[in-house]
Amino acid sequence: MATLISLPGISLGEARIVDGNITIPARSKQRSVLCPCCNNLSKRIHSSYVRVLRDLSISTSCVSIHLTVRKFFCRNPECEKKIFTEQPGNEVKAYSRMTNRTRETLQNILLEVSARKGSYIANLISLPISPSTALRMIDALPIPPAEKVTVLGIDDWAYRKGLTYGTLLVNMETGKVIDLLIGRDGVSLKEWLAKHPEIKIVTRDRASAFSCAVSSTLPKAIQVADRFHLLQNFSDCVYSVIRIEYRNLANSMNENSIQVELPNDIPQEGTGKEPQKAKGERNEYIKLRFVKVKQMLKDGAGLKTVAKSLQISRNAVRRYSKVDVLPIKSIYHKYDYNEYLDIIAMGFSEGISFVKIYARMKDAGFKGSKSAFYCQFKDHPMRTKPAEYNPINIKLRLISPRKISKYLAFDDLSKIKDETDREIMEKLLNKSNTLEKIRQQVLTFKELLLGNDVLLLNDWMERTINIGISQLKSFVTGVKGDLEAVKNAIDTDWSNGQVEGQVNRLKSIKRQMYGRAGFELLRKKVILSKVG
Ligand SMILES: [Zn+2]
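Residues numbered from 1 in each chain as written. Predicted model: local features only at pLDDT ≥ 70, side-chain atom pairs only at ≥ 80, totals over all residues.

## Remarks on the overall build of the protein
Test applied: The numbering of helices and of strands both runs from the N terminus, where a helix is a DSSP run of H or I of at least 4 residues and a strand a run of E of at least 2. Note on burial: count the other C-beta atoms lying within 10 Å of the residue's C-beta; 20 or more is buried, 12 or fewer is exposed, in between is partly exposed, and C-beta positions come from the backbone. Contacts here follow a simple rule: the backbone-placed C-beta atoms of the two residues must lie within 7 Å.
Helix and strand content of the protein: 22 helices and 13 strands. Expressed as a percentage of its 532 residues, the buried residues of the protein come to 26%. Long-range pairs, those at least 24 residues apart, make up 59% of the contacts in the protein between residues at least 6 apart in sequence.

## Section: the sheet that holds strand E10 (residues 164–171)
Which entries qualify depends on this criterion: Any two strands between which DSSP finds at least two bridges are classified as paired. With axes taken as lines fitted to C-alpha atoms, and helix axes fitted only over the stretch in contact, angles between N-to-C directions fall between 0 and 180 degrees.
The five strands are arranged E11-E10-E9-E12-E13 in an open sheet whose pairing can be described as mixed. The sheet is open, and its two edges are formed by strand E11 (176–182) and strand E13 (222–225), each paired on a single side. When the angles between neighbouring strand axes are averaged without regard to direction, this sheet yields 25°. As paired elements, strand E9 (residues 151–160) and strand E12 (residues 201–204) share three bridges and run parallel to each other. Within the sheet, the bridge partner assigned to Leu152 lies in E12 and is Val202. Along the sheet, helix H22 (residues 519–528) makes contact with E9 and E11, crossing E11 at roughly 165°.

## Comments concerning the packing of helix H5 (residues 187–194) against helix H6 (residues 208–217)
The following threshold applies: Each angle receives one of four descriptions, namely roughly parallel if under 35 degrees, roughly antiparallel if over 145, roughly perpendicular if within 65 to 115, and oblique otherwise. The handedness criterion is simple: a crossing whose near helix is rotated anticlockwise from the far helix by less than a right angle is left-handed, and one whose near helix is rotated clockwise is right-handed. Each residue is assigned to one class: nonpolar for Ala, Val, Leu, Ile, Met, Phe, Trp, Tyr, Cys and Pro, charged for Asp, Glu, Lys and Arg, and polar for all the others, Gly among them.
At a closest axis distance of 9 Å, the pairing of H5 and H6 adopts a crossing angle of 30°. Between H5 and H6, the angle falls in the class roughly parallel. In this structure, the crossing between H5 and H6 has a hand that is right-handed. Taking contact as the criterion, the partners of Leu189, Lys190, Leu193 and Ala194 in H5 are, on H6, Phe210, Ala213, Val214, Ser216 and Thr217. Grouping the constituent residues of the contact of H5 with H6 by class yields six nonpolar, two polar and one charged.

## Here we look at unusual backbone geometry
Despite not being glycine, Asp19 shows a phi value in the positive range, around 50°. In this fold, Asp19 is placed in the loop between strand E2 (16–18) and strand E3 (21–28). We classify Asp19 as exposed; it has 7 C-beta atoms within 10 Å. Positioned with a positive phi, Gln311 is a non-glycine residue whose angle comes to about 55°. Along the polypeptide, Gln311 turns up in the loop between helix H9 (303–310) and helix H10 (314–321). Accessibility expressed as a C-beta count within 10 Å gives 7 for Gln311, which makes it exposed.

## Remarks on the pairing of E11
Looking at chain direction, E10 and E11 are connected through six bridges and run antiparallel. Paired with Leu169 across the strands is Asp179, a residue of E11. Two successive antiparallel strands, E10 and E11, enclose a turn made up of four residues, where Gly175 displays a positive phi of approximately 75°.

## Looking at the confidence of the model for the protein
Regions with low pLDDT should not have their predicted coordinates read in detail. Defined as follows: Values of pLDDT, ranging from 0 to 100, describe the predictor's confidence in every residue of the model.
Here the protein averages 82 in pLDDT, and 88% of its residues register 70 or above. Counting contacts from residues 256–277, a segment whose pLDDT is below 50, to residues more than four positions away or on other chains yields 19 contacts. Predicted confidence is poor over residues 390–396, with pLDDT under 50, and the contacts of this stretch with residues over four places away or in other chains come to 16 contacts.

## Quick notes on the packing of helix H17 (residues 433–450) against helix H18 (residues 456–466)
When two helices pack together, their arrangement is given by the angle between the helix axes and the distance between those axes. Where H17 meets H18, the axes come as close as 11 Å, and the angle between the chain directions of the two elements is 160°. Relative to H18, the element H17 lies roughly antiparallel. H17 and H18 meet at a crossing whose hand is left-handed. Here Gln441, Thr444, Phe445 and Leu448 of H17 come into contact with H18, specifically with Leu456, Leu457, Trp460, Arg463 and Thr464.

## Quick look at the pairing of E9
Where a strand is regular, its side chains alternate between the two sheet faces. Pairing of E9 with E10, which is carried by eight bridges, proceeds in the antiparallel orientation. Bridge pairing in E10 places Leu152 opposite Asn171. Between E9 and E10, which follow one another and run antiparallel, lie three residues, and Gly162 among them has a positive phi close to 80°.

## Points about the environment of Phe234
Positionally, Phe234 belongs in helix H7 (residues 227–253). Residues Phe234 and Lys446, 212 residues apart in the sequence, show an inter-C-alpha distance of 9.9 Å. In this structure, Phe234 is in contact with Val442, Phe445 and Phe475, ignoring residues within four places of it in sequence.

## Description of the environment of Lys43
For Lys43, the position within the fold is in the loop between strand E5 (41–42) and strand E6 (45–58). Judged by the 11 C-beta atoms lying within 10 Å of it, Lys43 is exposed. Through-space distance from the C-alpha of Lys43 to that of Arg75 is 9.2 Å; in sequence the pair is 32 residues apart.

## Structural notes on helix H11 (residues 341–350)
Most of H11 sits out of view: seven of its ten residues are buried. After H11 finishes, the residue Gly351 shows a positive phi value of roughly 75°.

## Some points on the environment of Phe366
Following the sequence through the fold, Phe366 ends up in the loop between helix H12 (354–363) and helix H13 (370–377). With 29 residues separating them along the chain, Phe366 and Tyr337 place their C-alpha atoms 8.4 Å apart. Setting aside residues no more than four positions away along its own chain, Phe366 makes contact with Tyr340 and Met361.

## Quick notes on the nonpolar core
Rule in force here: For our purposes the nonpolar core covers buried Ala, Val, Leu, Ile, Met, Phe, Trp, Tyr and Cys residues that link as a set through C-beta atoms within 7 Å. An automatic or database domain assignment is the source of the domain bounds shown.
Residues Leu168, Val214, Phe234, Val238, Val241 and Ala489 are the most contacted members of the largest nonpolar core, which totals 55 residues. It is H7 that provides the largest number of residues to this core, a total of seven residues. Two domains each put at least three residues into this core: domain 3 (151–226 + 495–528) and domain 4 (230–253 + 400–485). Residues Tyr340, Ile344, Ala345 and Phe348 belong to the second largest nonpolar core, which totals 13 residues.

Structure (structure tokens):
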């Protein structure tokens, strides 16, 4: 057992098993000990006490080492320490209640999982710790000083989406995260860069805050706009164009397509008890009712009487009694359903449920809520009289703008797996000259960024402008504003792909901690975790 466990500098006694747990007495091997203050040897023992240290478990048994620790007199009259405690071996740290190897094992586990899960796993391997101890153990981990870095990758990430952001720094040569900074405005980045004059190349997305920080702090560093972001930005830009042009594209598919309009009068109240009245008339009725209720209450009538005589619910009367003005009924936010009418009409004609139609709309990029959609369409003629909206007439089961922009990046349409989607894409590209032009630009841009011929960039920018769509023009303007970095993106092999991977890793670590991680904890985990 003693050889199995063996702690350097410490001699172990006879192990005892009590209640399935192993207890081992231990003491230091040294006879004389150096004073930590003056380095003089001392043999004179002042006193001793027993420290209990947790060690790695054996099978399912917890192991505790009962280490007798001695206190010594320092005999050097010049030394300010009169008494000191020995620190035997290198496995035992002052004040710690476990051996170093136990702490390291636990810390390595805790770096990869949340404190709660870590505590659970530790219990399974007979090293019981509480979640709060787990947190403290991660807190105690030091972050090693940042290594030297030649090629730096920078990206932003959302700490609290839409509220606070951070900056992620990656050593592009090792692919490892070097640091996480608060904010993405370049302020913290500037401070950090100032400490790293060795950086030669910086890859970043087109955020100007980063480029400003780099050019002001490291004017000699070569800046590379990241290819991944460039492609992504252009594809977002194309998507926005298609979203706007979507209806026209749909119409171009089928000149005979019927226009499915939303009804003007969308029923707002779903009680169904009262006869349907025109909107204006109904509003008048409600106003009148409110006045009557108020009058009767003022005259001293009880809730019950008012409710009975006006034939409304007692709850309504109570509600009215508490307010001075008739509350405006909240109206569901009106989303733009135009883009999704085809999907909706198709769904109704197939007789499928709202939930399924809603799922299809979601896939196509719909942002509204299910209940809003339900309220808007439950009494819609498309649903109540589907025969009039025969799907044969709605030939354009048009694919979503998101899909169209995705397919535009396919160099060969035969790579589209879905047969109907492929047919529609072919038709669309045949009918719309502009769409075909956009597609050519998407494909050339991809080629351009994958290749290394910078000279093609000017030609590409000119052609993109010539399509005559304002969004595309402003994209080119953006590229022109960052021309050197974009050219470097084509010229050099550095790409932020790795950084992007690290942003995803960071997100998953953040999720592990249920999004409640403090910034410092998150920073530690991202920098120190080996698998996460
Ligand atoms: Zn001393």
